[in-house]
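Chain by chain, the residues run as shown.
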Amino acid sequence: MSNLGITVTEHIMLQQKYIPKATGAFTRLLRELVLSGKLISREVNKAGLVDILGFTGETNVQGEEVQKLDDYANDTMIKRMSRTGQLCVMASEEVDGPIPVSEKYPRGAYVMIFDPLDGSSNIDANVSIGTIFSIHRRVTTGDHGTIDDILQPGAKQVAAGYVLYSSSTMLVYTTGQGVHGFTLDPTVGEFLLSHENIRIPEKGGIYSVNEGNYHYWDDRVKSYVDYLKTPDKNTKRPYSSRYIGSLVADFHRNLLSGGIFMYPADLKSGKPKGKLRLMCECAPLAFVCEQAGGYASDGKRNILDIEPTSLHQRVPLYIGSRSDVLMAEKFLEG
Ligand code: P6P
């Protein structure tokens, strides 16, 4: 029986029974995350107004300090997730080190790592942007969580997903029971199940990469991209090039249509490990992708198997349809 149209809150309750040792704590966490997504969506959709767009340190007509959207998104995530009482520590793409949960609130059994507003450089051009989140169970036993609770491999995630602020606002998440998409109905303020059990095609027809970096790539990366562009009826090439320059938007399109997104290491432009961060971008999207039947690699190994060494470490990323990413790995073996 299809669950289309149920709210994300109802869906989380249904998921609850599948999550080992999960109590209402996990449900509470996800529900607060949903509310954060709605609050950020509301501000993102007002971004065109002069009092939000791109300024900081300005004051608006009420004389209030106006925050840039990414600061607003970061503050919203930290404030709202802290008050759930379910986290022992947090980490954000916007903050150098671990973020302790305020003494005002109890600490809980989970850890949340997030990129509060990925692609925020696109805001002024009204290009789609996203919030990415990753949830682990804590591994330390003290009062406050530590960096050890954060630096866990992607395979240990208990949930992950993103909110995509686009022509509509969508929440896509997994708790290890498949991938499900919800579309925000702003008239009622509810995320309603619109994409139940998303599966990414085994092989796609789209490649997403910033070809402006072509001359910085390893020759094997160049060979793979040249292969995708070479006409061949039997393997349905050339692939179409689609690149928005906003990770969540590029990933989401390929998740639904099939294809591969790449951010390779570029050896000469100061990004020896690529640009994207393992903990708050690559690992959560890798969990979503794998749960939808896809695969994510750093070019050599599964992103989910990488043992993190630092909070903001960057890794090359090849993510999407399984056979496309495996093909990329073959080219990169050389
Ligand atoms: P480039 C946005 O700034 C971002 O972090 C990701 O959302 C996006 O995939 C990537 O950078 C784009 O980087 O170097 O192609 O502009």
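Residues numbered from 1 in each chain as written. Predicted model: local features only at pLDDT ≥ 70, side-chain atom pairs only at ≥ 80, totals over all residues. Heavy atoms only, no water.

Remarks on the pattern of salt bridges
The following threshold applies: One speaks of a salt bridge when a side-chain nitrogen belonging to Lys or Arg is within 4 Å of a carboxyl oxygen belonging to Asp or Glu. To sort residues, take the accessible area from a 1.4 Å probe on protein chains only and compare it with the maximum for the residue type: under 20% means buried, over 50% means exposed, and anything in between is partly exposed.
Per the stated rule, a full pass over the model turns up 13 salt bridges. Note that Arg-107 is salt-bridged to Glu-103, the shortest N-O span being 3.2 Å. Between Arg-220 and Asp-218 there is a salt bridge whose closest N-O contact spans 3.0 Å. For Arg-220, a relative accessible area of 35% corresponds to the partly exposed category. Overlapping salt bridges bring together Arg-28, Glu-32, Arg-80 and Arg-83 as one network.

So, the state of the cysteines
Under the convention used in this document: Disulfide assignment relies on a single distance test, namely cysteine sulfur atoms paired within 2.5 Å.
Enumeration over the complete set of coordinates arrives at zero disulfides. With no disulfide of its own, Cys-280 lies closest to Cys-282 among cysteine sulfurs, the gap being 8.2 Å. Here Cys-280 falls in the buried class, since its relative accessible area comes to 4%. Lacking any disulfide linkage, Cys-289 is separated from the closest cysteine sulfur, that of Cys-282, by 12 Å.

A closer look at the pairing of strand 13 (residues 317-320)
Put simply, the rule is: A run of DSSP states H or I qualifies as a helix once it reaches four residues; a run of E qualifies as a strand once it reaches two. Both are numbered from the N-terminal end. Whether two strands pair comes down to DSSP finding at least two bridges between them.
The alternating pattern of strand 13 places Leu-317 and Ile-319 on one face and Tyr-318 and Gly-320 on the opposite face, and all of these are buried. Where strand 11 (residues 260-263) and strand 13 come together, four bridges link them in antiparallel fashion. Each residue of the ladder has a partner; that of Met-262, found in strand 13, is Tyr-318. Looking at chain direction, strand 12 (residues 295-297) and strand 13 are connected through three bridges and run antiparallel. Bridge pairing in strand 13 places Ala-296 opposite Ile-319.

A short note on the sheet that holds strand 7 (residues 179-185)
What counts here: Here a residue-residue contact requires only that any non-hydrogen atoms of the pair lie within 4.5 Å. Inter-axis angles, ranging from 0 to 180 degrees, are taken between N-to-C directions of lines fitted to C-alpha atoms, where helices are fitted over the stretch in contact.
With respect to topology, eight strands assemble into an open sheet ordered 2-1-3-4-5-6-7-8, the strand pairing being mixed. Edge positions in the sheet fall to strand 2 (99-100) and strand 8 (190-195), since each of these pairs with one other strand and no more. One ladder, built from five bridges, connects strand 7 with strand 8; its direction is antiparallel. Paired with Gly-181 across the strands is His-195, a residue of strand 8. Contacts from helix 6 (residues 247-257) reach strand 3 (110-118), strand 4 (129-137), strand 5 (159-165), strand 6 (169-174), strand 7 and strand 8 within the one sheet, and its direction differs from that of strand 5 by about 105 degrees.

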